[in-house]
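# Structural characterization, general
Residue strings, one per chain:
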Amino acid sequence: MCTHLLTDVEDRIVLLIDLDYFYAQCEEIRHPEFRGRPVAVCIYSGRTENSGAVSTANYEARRIGIRSGIPIIAARRMVTQDTVFLKADLDYYDAVSMRVMSLLRMFSQKMEQASVDEAYLELRGKSYEEAEEIARQIKELIRKSEGLTCSIGIGKNKLIAKMASGVNKPDGLTVVRPEEVDTFLLSKKPGDLYGVGKVTESKLSEMGIETIAQLRDAPLSRLQSVFGSSMGLWLYNASRGIDDSPVEERKREQYGRIVTLKENTRDRDTLIQEASRLVPEVISMVQEDRQQFRTLSFIGILEDLSIRTKNRTLNEPTDNAQDVYAVLPQLIDSFLSEHTALIRRIGIKVSNLSEKKGQKKLLDFS
DNA sequence: TTCATGACCTC
DNA sequence: CCTTGTGTCATGAA
């Protein structure tokens, strides 16, 4: 049963606004001299000179094979003379993002920021023509105020809006009206469904499902027995263009930070020292948001890149670093006793959040 | 409820 | 050969 059908699904229109090649576009704005040249924004791990990955590439860079996620060293082999490699400046991109998001809020009270460069807007009581006009205004406003281009998808739900936004990139605007959903989806492959990744796609392929039409032919019961009840139902619905998930601002449920170690190790003192450096960064984010947490996790990424975790849930919520420093060595010790491989990256994460009562509030009759 | 793992996301 | 970083959701076991 659907739990959130308080709304008339028929009359909503969803827009997905996606800022194009966001990090790289931000860099083009403060460095206009880079426009027209391949730009790769990178996250350096600090292991060796060129270790790390490309975070975002502009279209010129993509044209020569430099894409998100590839190792910097691999990208270096593809360069043309005018290619630019930049270190990601996340604070700067965050600041730009926040300004854009506040612009978007002017167009609807119902908004969901999906990531640093994406947001859903829900419109009600509007035609698709009117929605398209609003999308044009949004594009113009973002271009005028920040100099950024974006791609917008419009559809009857988040799934369709998101997939529509990908059709005309960059600087695109794509409307998929309800009567066009079937044609639109049938022109796609299962792997194009937002939420179907490599693993699911190849599992489907093994089942002989290579098209959306074939996915529709699969009985719900079969999908659920293979993919689990939730994912199975989701696939069943998504292949039909059905997605009831609401557009709503969601609260953060965890705060974490991960780093790559200078070299693979399982030396206890090194791990404690490196993990401890992350504590203040995570704690300050938590405190800024006036949150408390009960669960602390130590994350280790082993040399084979597999991810392992150790958690501890406290009896009482806390927001202070001392409690973390007290538990961290225990988590690390049990981690080391359970895993024998060398560790490549480590992180910490806090979750099980609750709001900390603000002292400013003198009266609370809730 | 807690813990551990895995899939997915996208820059 | 090389593979950053952050967060959400789901599942299965204890």
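A brief look at the structure comes next. (Residues numbered from 1 in each chain as written. Chains lettered and ligands numbered in written order. Predicted model: local features only at pLDDT ≥ 70, side-chain atom pairs only at ≥ 80, totals over all residues. Heavy atoms only, no water.)

## Here we look at the protein's contact with DNA strand B
Lining the immediate environment of DNA strand B, one finds 22 residues, of which Thr56, Tyr194, Thr200, Lys310 and Thr313 sit closest. Sugar and phosphate atoms represent 87% of those atoms of DNA strand B found within 4 Å of the protein. At 3.3 Å, a backbone N or O of tyrosine 23 approaches a sugar or linking oxygen of DNA strand B. In this structure, lysine 162 approaches DNA strand B through a side-chain N or O atom, which is 3.0 Å from a phosphate oxygen. At the level of secondary structure, the elements contributing two or more residues to the surface near DNA strand B comprise helix 1 (22–30), strand 3 (52–57), helix 8 (198–206) and strand 11 (307–318). For the surface near DNA strand B, the element with the most residues is strand 11, which contributes six residues. (Near = heavy atom within 4 Å. Polar contact = N/O pair within 3.5 Å; in protein donor to acceptor, adjacent residues only side chain to side chain. Helix = DSSP H or I, 4+ residues; strand = E, 2+ residues; numbered from the N terminus.)

## A few points about the protein's contact with DNA strand C
Surveying the vicinity of DNA strand C reveals 23 residues, the closest of which are Arg252, Gln254, Gly256, Ile258 and Thr260. Note that a phosphate oxygen of DNA strand C is positioned 3.3 Å from one of the backbone N or O atoms of serine 229. Contributing elements (two or more residues each) for the surface near DNA strand C: strand 3, helix 11 (229–238), strand 9 (254–265) and strand 12 (343–355). Looking at the surface near DNA strand C element by element, the count peaks at seven residues for strand 9. Among the residues forming the surface near DNA strand C, the class breakdown is eight nonpolar, eight polar and seven charged. (Nonpolar A, V, L, I, M, F, W, Y, C, P; charged D, E, K, R; others polar.)

## Thoughts on the packing of helix 10 (residues 220–227) against helix 11
The geometry of a pair of packed helices is captured by two quantities: the angle between their axes and the separation between those axes. Between helix 10 and helix 11, the least distance of the axes is 7 Å, while the angle of their chain directions is 140 degrees. Relative to helix 11, the element helix 10 lies oblique. By crossing handedness, the relation of helix 10 to helix 11 is classed as right-handed. For the pair helix 10 and helix 11, contact is made by Leu220, Leu223, Gln224 and Phe227 and by Ser229, Met231, Gly232, Leu233, Leu235 and Tyr236, respectively. Tallied by class, the residues present in the contact of helix 10 with helix 11 amount to seven nonpolar, three polar and no charged. (Axes fitted to C-alpha atoms, helices over the stretch in contact; angles between N-to-C directions. Parallel < 35°, antiparallel > 145°, perpendicular 65-115°, else oblique. Left-handed = near helix turned anticlockwise from the far one by under 90°. Contact = heavy atoms within 4.5 Å.)

## Topic: helix 11
Of all the residues in helix 11, the buried ones are Gly232, Leu235 and Ala238. Projected down its long axis, helix 11 shows its buried positions confined to an angular sector of 140 degrees, all on one face. Relative to its buried face, helix 11 has exposed residues pointing more than 90 degrees away, namely Ser229 and Ser230. Among the structural elements, helix 6 (158–165), helix 7 (181–186), helix 8, helix 9 (212–217) and helix 10 are those in contact with the buried residues of helix 11. (Buried < 20%, exposed > 50% of the residue type's maximum accessible area, 1.4 Å probe, protein only. Arc of directions from axis to C-beta.)

## Focus on the sheet that holds strand 6 (residues 118–124)
The strand order across the open sheet built from five strands is 5-6-1-7-8, with neighbouring strands paired in mixed fashion. Here the strands that pair on one side only, and so sit at the sheet edges, are strand 5 (111–115) and strand 8 (173–175). Taking the axes of each pair of neighbouring strands and ignoring which way they run, one obtains an average angle of 15 degrees across the sheet. Pairing of strand 1 (residues 12–19) with strand 6 involves seven bridges; the strand directions are antiparallel. Considered in strand 6, the bridge of arginine 12 is made with arginine 124. Contacts between helix 4 (residues 90–104) and the sheet are confined to strand 1, strand 5 and strand 6, with strand 5 contributing the most and set at about 155 degrees to the helix. (Pairing = 2+ DSSP bridges.)

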